Every structure is written in C-alpha cells, then in structure tokens.
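So you can see what is in the structure, the chains are spelled out below.
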Amino acid sequence: MIVKGIMNLDYHTPEGLRKLWAGYKMEYSVPDEFTTTVYQFGISEETSNVASFAYRSTNDFRPSLSDTELASNQSALFLRIT
C-alpha cells in the first residue's frame, strides 16, 4: 500500500491492525488476556507538525495518543506499516 503521509497512514492503520491481530491470535493461540499496542509517528502532511498515534488492541485499534504519553513511553516499539 502506498500512502500520502502519516495522516493517510492513520486512516488505513486500524483496519489493518485488526486483521493482523485476529490472524496472529488464531495462528499462535494468543490468549484473550494478551494485549498489544502499536505506536506510529511522523510529520503531518496536513499541518507540518509531529503527528503521533497509539493503536491498542484493548481499544479495537482506534487511534489515540497524547504528547506526554509518547514522551514517557521510552520502551515503546515503533512500527511503520507499509
């Protein structure tokens, strides 16, 4: 998939993560109590400001993230979905 920037990527990310998570849970017998969070950040093509998103399995991968959460979560794994 080719996207135009981080905001366009954010539009497509939740659906893709839902499909991946469901597949992984089935393929690897991941217990229901296990959760995952994916972080993305980049420069917004709309505002030229930093845009950051967190997608949590506990929130059906709907995007959310505050600047303070991003700064305080130093152990986060950052992924780019292409």
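Here, the structure is the one placed above.
Description of the structure in this document. Just so it is clear, the model here is predicted, and its values are computed rather than measured.

1. Focus: the packing of aromatic side chains
Step number 1: For the structure shown, the criterion picks out two aromatic pairs.
Step number 2: Residues Y24 and Y28 carry aromatic rings whose centres are separated by 6.2 Å and whose planes lie at 40 degrees to one another, so their mutual orientation is tilted.
Step number 3: For Y28, a relative accessible area of 55% puts it in the exposed group.

2. Regarding the side chain of R56
Step number 1: With respect to the secondary-structure elements, R56 resides in strand β2 (residues 50–56).
Step number 2: Looking at R56, the relative accessible area reads 19%, which means it is buried.
Step number 3: Side chain to side chain, R56 and S64 meet in a polar contact 3.3 Å long.

3. Concerning helix α1 (residues 6–27)
Step number 1: Taking 1.5 Å per residue, 22 residues should reach 32 Å; α1 reaches 29 Å between its end C-alpha atoms and fits that length.
Step number 2: Roughly 40 degrees is the biggest bend found in α1, and it falls at T13, with proline P14 one to four residues downstream.
Step number 3: Within α1, the full set of buried residues consists of I6, L9, D10, T13, P14, L17 and W21.
Step number 4: Packed against the buried residues of α1 are β1 (37–43), β2 and β3 (63–64).
Step number 5: Of the residues flanking the end of α1, it is S29, one or two places downstream, whose phi is positive at about 50 degrees.

Thresholds, definitions, all that
Residues numbered from 1 in each chain as written. Predicted model: local features only at pLDDT ≥ 70, side-chain atom pairs only at ≥ 80, totals over all residues. Heavy atoms only, no water. Phe/Tyr/Trp six-rings, centres within 6.5 Å; stacked < 30°, edge-to-face > 60°. Buried < 20%, exposed > 50% of the residue type's maximum accessible area, 1.4 Å probe, protein only. Helix = DSSP H or I, 4+ residues; strand = E, 2+ residues; numbered from the N terminus. Polar contact = N/O pair within 3.5 Å; in protein donor to acceptor, adjacent residues only side chain to side chain. Expected span 1.5 Å × (residues − 1). Bend = angle between axes of the 7 residues up to and from the residue. Contact = heavy atoms within 4.5 Å.

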